[in-house]
Amino acid sequence: MTTVSVRASRSYEVKVGRGLLDTLGAEAAALLKGRTAAIVSDSNVAPLYLDRTKASLEQAGFQVCSFVFPAGEGSKNGQTYLDLLEFLAEHQITRSDGLVALGGGVVGDLTGFAAATFLRGVDFIQIPTTLLAAVDASVGGKTAIDLKNGKNLAGAFYQPRLVLCDLDTLDTLPAETFADGCAEVIKYGMIGDPGLLDLLETTEFKKDPEEIVARCVARKRDLVEQDEFDTGARQLLNLGHTIGHGIEACSGYQLSHGKAVAIGMTLITRAAVSFGLCPAEALPRLQSLLKKYCLPDATEYGAQALYEKTLSDKKRTGSTIRLVVPTAWGRSQLHQVAVPDLLQWIEKGLSL
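Residues numbered from 1 in each chain as written. Predicted model: local features only at pLDDT ≥ 70, side-chain atom pairs only at ≥ 80, totals over all residues. Heavy atoms only, no water.

**Observations regarding the pairing of strand E1 (residues 2–6)**
(1) Moving on: Where E1 and strand E2 (residues 12–17) come together, 5 bridges link them in antiparallel fashion. Bridge assignment links Ser5 to a residue of E2, and that residue is Glu13.
(2) Moving on: Where E1 folds back onto E2 in an antiparallel hairpin, the turn is made up of 5 residues. (Pairing = 2+ DSSP bridges. Helix = DSSP H or I, 4+ residues; strand = E, 2+ residues; numbered from the N terminus.)

This is the structure we're talking about:
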């Protein structure tokens, strides 16, 4: 097992290893003053892991209730959020009790936002069950729900008390869902870890993911500790996300987040090469790595449609938007772009 300590506004540990789900009860008992826990999960994960999670908590003396919602990004909305708050109120969850997010990024985002706002803040524990959530969404305290006009537009910065990344849960992931997480892993390499990219090129990390998952978590920890509230260095984690969110929106959120990020990374790298900001050889190398991990590198949507969808991105500030731009293999930097010029960046990214 590998432990990564995060020193943010609230310090906590991220534990990465196998068999950690069964340790939840003991871990929670040491952290929470109350003895009531509400597990939040979705219709995909609950049949696999809800009973084990509940049993671990009950063995440690907790009374447990569970809230399960339909799986998918479409559930990360205001109605599900309000339903969850009403559920917590009905079960008389107090500020000394805790929530447990059992699932992928949608579950973690929704649970975290509910924890941040119910009773003005209750503790929660993240148990990510997807690779994407393990390396990214579960760490750092970003919580949110989607609005009709864009992803993650209502949310809060709210750190968990503990993150348990049980790598056994990755074994039950569909291949496409695992690939989504690979996009975020590749992102970590592209923003500042060429050694990670080398590992991804030469190994098949699914067989032994602990080192790479922990490496990604440690990289995110470093950026969160520098910039917890996402005003500077932490924005490097948005590589591929600005255009990627536009692609997701154009698809009506039918295209998964990981695939959209993979395409977004390709487009921004191609644009950076076109503007002379990045060596040309970085683009085919990135495309080859994405192909190895079964990820796409192109989209059917046009520049104007993508441009219009990106205008609601959170990284827009007045008349400018901050892009994360690759400048070398394994290195990226923040680049401020005037909003009208964003269309040209997207056009360059789409050009072949």
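**Thoughts on the packing of helix H7 (residues 194–202) against helix H8 (residues 210–226)**
(1) Moving on: Remark: H7 packs on H8, axes separated minimally by 12 Å, with the N-to-C direction vectors making an angle of 155°. When the axis of H7 is compared with that of H8, the two are roughly antiparallel. The hand of the H7/H8 crossing is left-handed. On H8, the residues that touch Gly195, Leu196, Leu199 and Leu200 of H7 are Glu211, Ile212, Arg215 and Cys216.
(2) Moving on: The residue makeup of the contact of H7 with H8, split by class, is 5 nonpolar, 1 polar and 2 charged. (Axes fitted to C-alpha atoms, helices over the stretch in contact; angles between N-to-C directions. Parallel < 35°, antiparallel > 145°, perpendicular 65-115°, else oblique. Left-handed = near helix turned anticlockwise from the far one by under 90°. Contact = heavy atoms within 4.5 Å. Nonpolar A, V, L, I, M, F, W, Y, C, P; charged D, E, K, R; others polar.)

**Regarding the sheet that holds E1**
Consider a sheet: its strands pair through backbone hydrogen bonds, and that pairing is either parallel or antiparallel.
(1) Moving on: If you trace the 7 strands from one edge of the open sheet to the other, you get E1-E2-E9-E6-E5-E3-E4, paired in mixed fashion. At either end of the open sheet lies a strand with only one pairing partner, and these are E1 and strand E4 (63–69). On average, each strand axis in the sheet is inclined to that of its neighbour by 15°, with strand direction left out of account.
(2) Moving on: Where strand E3 (residues 36–42) and strand E5 (residues 98–103) come together, 4 bridges link them in parallel fashion. Bridge pairing in E5 links Ile39 to Val100.
(3) Moving on: Strands E3, E4, E5, strand E6 (123–128) and strand E9 (162–166) of the sheet are contacted by helix H2 (residues 46–59), whose axis makes an angle of about 170° with E3.
(4) Moving on: Sitting on the sheet, helix H4 (residues 105–117) touches E3, E4, E5 and E6, and the angle it makes with E5 is about 165°.

**What about the packing of aromatic side chains?**
Two aromatic rings are characterised by how far apart their centres lie and by the angle between their planes.
(1) Moving on: A complete count under the given rule lists 8 aromatic pairs for this structure.
(2) Moving on: On the numbers, 6.1 Å between centres and 10° between planes, the contact of Phe124 with Tyr158 is stacked. Note that Phe124 is positioned in strand E6 and Tyr158 in the loop between strand E8 (150–157) and E9, a separation of 34 residues in sequence.
(3) Moving on: Residue classification places Tyr158 among the buried positions, given a relative accessible area of 17%.
(4) Moving on: One Lys or Arg, Arg35, reaches over the ring of Phe62 and ends 4.9 Å from the middle of that ring.
(5) Moving on: Above the face of the Tyr188 ring, Lys187 is positioned so that its terminal group lies 4.7 Å from the ring centre. (Phe/Tyr/Trp six-rings, centres within 6.5 Å; stacked < 30°, edge-to-face > 60°. Buried < 20%, exposed > 50% of the residue type's maximum accessible area, 1.4 Å probe, protein only. Lys NZ or Arg CZ within 6 Å of the ring centre and 35° of its normal.)

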